[in-house]
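Here is how the chains run, residue by residue.
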Amino acid sequence: MQRTFDSEQEKVDSKLDIITTMNRRHFLTTISLSPVFANDYFTDSNDIYLSYQEFVTLKVLNKRLKRLRRFIGYGNFNIVSFKDALFYGRNYSTIGLFTKDELALVDKLFLENPEQYGFFGTKTCTDINNKISAKDIIKVPHTGHYLFKGKPVEDYSKLKKDIGHTLVLTSGVRNVVKQLSLYCNKLYHNGGNITQASIQIAPPAYSYHTVSDFDVGRRGWGYKNFTDAFASTLEFKKMKKLDYISMRYKKNNSDGVRFEPWHVEVI
Ligand SMILES: [Zn+2]
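Residues numbered from 1 in each chain as written. Predicted model: local features only at pLDDT ≥ 70, side-chain atom pairs only at ≥ 80, totals over all residues.

Caption draft 1: Spotlight on the environment of Ile-79. As for its position among the elements, Ile-79 is in helix H4 (residues 74-79). Spatially, the C-alpha atoms of Ile-79 and Val-173 are 6.8 Å apart, while their sequence positions differ by 94 residues. Setting aside residues up to four positions removed in sequence, Ile-79 forms contacts with Ile-132, Ile-137, Tyr-146, Val-173 and Asn-175. (Helix = DSSP H or I, 4+ residues; strand = E, 2+ residues; numbered from the N terminus. Contact = placed C-beta atoms within 7 Å.)

Caption draft 2: Up close: the pairing of strand E3 (residues 167-171). Among the five residues in E3, four count as buried, and that is most of the element. As judged from the four bridges shared by E3 and strand E4 (residues 214-218), these two strands associate in the antiparallel manner. Within E4, the position partnered with Leu-169 by the bridge is Val-216. (Buried ≥ 20, exposed ≤ 12 C-beta atoms within 10 Å, placed from the backbone. Pairing = 2+ DSSP bridges.)

Caption draft 3: Region of the structure containing helix H6 (residues 100-111). An ideal rise of 1.5 Å per residue puts 16 Å on twelve residues; H6 measures up with 16 Å between its terminal C-alpha atoms. Within the sequence span of H6, burial applies to Leu-105, Val-106, Leu-109 and Phe-110. Seen end-on, H6 carries its buried residues on one side only, within an arc spanning 130 degrees. Turned more than 90 degrees off the buried face of H6, the exposed positions are Lys-100, Ala-104, Asp-107, Lys-108 and Leu-111. Buried residues belonging to H6 abut helix H3 (52-72) and helix H8 (176-189). (Expected span 1.5 Å × (residues − 1). Arc of directions from axis to C-beta.)

Caption draft 4: The arrangement of helix H5 (residues 82-91) in detail. Turning to H5, its buried residues are Phe-82, Ala-85 and Gly-89. An end-on view of H5 places all buried positions within 55 degrees of arc, on one side of the element. Counted as exposed and oriented over 90 degrees from the buried face of H5: Arg-90 and Asn-91. Contact partners of the buried residues in H5: H3 and H8.

Caption draft 5: Representation of the sheet that holds strand E6 (residues 263-266). Read across the open sheet, the four strands follow the order E3-E4-E6-E5; overall the sheet is antiparallel. Of all strands in the sheet, those with a lone pairing partner are E3 and strand E5 (245-247), marking the two edges. Each strand of the sheet is rotated relative to its neighbour by a mean of 45 degrees, with strand direction disregarded. When E4 meets E6, the two strands line up antiparallel, connected through two bridges. Paired with Asp-215 across the two strands is His-263, which belongs to E6. (Axes fitted to C-alpha atoms, helices over the stretch in contact; angles between N-to-C directions.)

Purely geometric stuff here, so don't read any function into it on its own.
The following block contains the structure:
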């Protein structure tokens, strides 16, 4: 029976599912030949990939993190510490224990120097168990996101005043688990290509969301807020003229991160 897919993403997920059940030789052949990957990805032979075993582990880890997010809620997932994530895994069977292989992969992704993958950003977090204290953040109503008190909160409210109510917070404070989860998801959908994943999102120890920065978008724009298209919005054009904030990842930035017009650098 022919399977039908609700979305392009589901189609990709399904192919990735098939690939992770193949043996190693088939995996490598499929990765290099599959039309799923015949876009911008997988074109540079210098790109660095996870091993086949790590890719299989990544799939399991990715799903566990998604179960954790569902269990503790989207808002809490932004700030939960790694230590607490392990606690939830140990104590709630709906999430389940993080395996030894998963923990080894987390260590690798958190501790490795990403310069080998072409990422040259600054390390923002040295402790995998980094805690974000409730007294240091505020929850921004109707967004599911938090901001650090002080300059980030001040900047965001000034932005709302200067740009208008169509500007919304699309991502704020992210602790290690949240950044890890975004990174793992990106890595998974890039077929384990660490080089490509690191261009699209900062590795778990290198996100400025863990210390100050936040993302904004145009109300009602959904995922388009995280594409170049955001640079064509009136909101972005107004934002560019303001001097109290900056853009962290400009075109051709020296960190090796793609152009991210939505990412506000708190200065
Ligand atoms: Zn961002």
